[in-house]
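# An overview of the molecular structure
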Amino acid sequence: MKRESGGATDEMTNSTVLALSFADRWHGFWAGTLGEWVLLRGVPIALYLIGGLLAARFINWGANRIVRRIDAEYQESDQLVRTESAKHRQAVASVISWVTVALLFVIVMVQVTSILAIPVGSLVAPAAVLGAALGFGAQRLVQDLLSGFFIITEKQYGFGDLVSLTVAGINSPAEGTVEDVTLRVTKLRSTEGEMFTIPNGQIVKTVNLSKDWARAVIDIPVPTSADLNLVNDVLHGVAEKAMEDPGLNALLLDAPQLMGVESIELDTVNLRMVARTLPGKQFEVGRRIRVMVVRALRRAGVASPADGNAPMVEAIVHPATAGGAEEETQGAPERNK
């Protein structure tokens, strides 16, 4: 029994010594140079980084909530198109969130640099060399930022606008609906579902197809043999019916107007009708009015140029051709009985 009690006492003594030695090492670690660095610098740096990430997430969440609120106001209202102020507010919310996150990143980096006790004065010379090296590459970024700033402040276009952007070095313009506007890029969604990301500094010309109001242009070709007085009466009737149509009346700002003869060609006379519509609704209105015009002209007996008899083209047989070729191309000749 004495031996067993002595063994238990030795085990307790050893565990106590191990615990004391671990506690001494733990205390010595935090009292040492590495522990002091972790407490005085490592922990603040980690807090700044975590706080910066959380703040950036909060800023993006706030911006998205503002955008969703603006969309909800538009969806719940009876408006057919977004107002110019709503478009501008959505674009400004996106830009402010982007700039705020960028400033937050810069502030966190400055604080981390100061905690690490990196002398800013010693970084002036390397920064100048690095700035000179990156100057040619950064000038395009600065150009994009400045162009984006003027796009937003001048309200050239906003979220949901239908625009046509001419990009430097590209012949065909990029057309689509604006889905996002930042200080650096503009994102367009085309009618085919493609997403265009265009740097703002590369935009040469901006055509906003949905600014305040739009205009639908309908060109109507009729044969030269048609009675233009009758055609004018029919088109005036179409304009009156367009204002009586519930679907078109909500999209039209005023009654469609017949401008008269636009051009004269060999077989056709082109008349033009225009209609002022809500922003971005000119294509829908134009398609509906064209259907009404075609129906009205057919009911009035005015044939389109394609309805006429197509000219018959006969093959000309060379005199040296075999006799059977003429019959194959032009048919057998009539013989006098």
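Residues numbered from 1 in each chain as written. Predicted model: local features only at pLDDT ≥ 70, side-chain atom pairs only at ≥ 80, totals over all residues. Heavy atoms only, no water.

The subject of this paragraph is the sheet that holds strand β4 (residues 195-199). As summarised here, the arrangement of the five strands in space is β4-β3-β2-β1-β5, forming an open sheet in which the pairing is antiparallel. Of all strands in the sheet, those bounded by a partner on one side alone are β4 and β5 (203-208). Ignoring which end each strand starts from, the neighbouring axes of this sheet average 45 degrees apart. Here five bridges tie strand β1 (residues 162-167) to β5, and the two strands are oriented antiparallel to one another. Residue pairing for β5: Val 163 is matched across the bridge by Asn 208. (Pairing = 2+ DSSP bridges. Helix = DSSP H or I, 4+ residues; strand = E, 2+ residues; numbered from the N terminus. Axes fitted to C-alpha atoms, helices over the stretch in contact; angles between N-to-C directions.)

The next subject is unusual backbone geometry. A positive phi is found at Lys 155, a non-glycine position, where the angle reads about 55 degrees. The residue Lys 155 is located in the loop between α4 (124-153) and β1 in this model. Phi angles above zero are rare outside glycine, and Asp 212 is one such case at about 65 degrees. Counting through the fold element by element, Asp 212 comes out in the loop between β5 and β6 (214-223).

Okay, the sheet that holds β6 next. A sheet is described by the order of its strands in space; here three strands give the open sequence β6-β8-β7, paired in antiparallel fashion. Edge positions in the sheet fall to β6 and β7 (257-264), since each of these pairs with one other strand and no more. Going from strand to strand, the sheet's axes swing by 25 degrees on average, the running direction of each strand aside. Here six bridges tie β7 to strand β8 (residues 268-277), and the two strands are oriented antiparallel to one another.

With that out of the way, let us pick up the environment of Phe 149. Here Phe 149 lies in helix α4. Using a relative accessible area of 43% as the deciding quantity, one classes Phe 149 as partly exposed. Once the C-alpha coordinates of Phe 149 and Leu 183 are considered, the two residues, 34 residues apart in sequence, prove to be 5.8 Å apart. (Buried < 20%, exposed > 50% of the residue type's maximum accessible area, 1.4 Å probe, protein only.)

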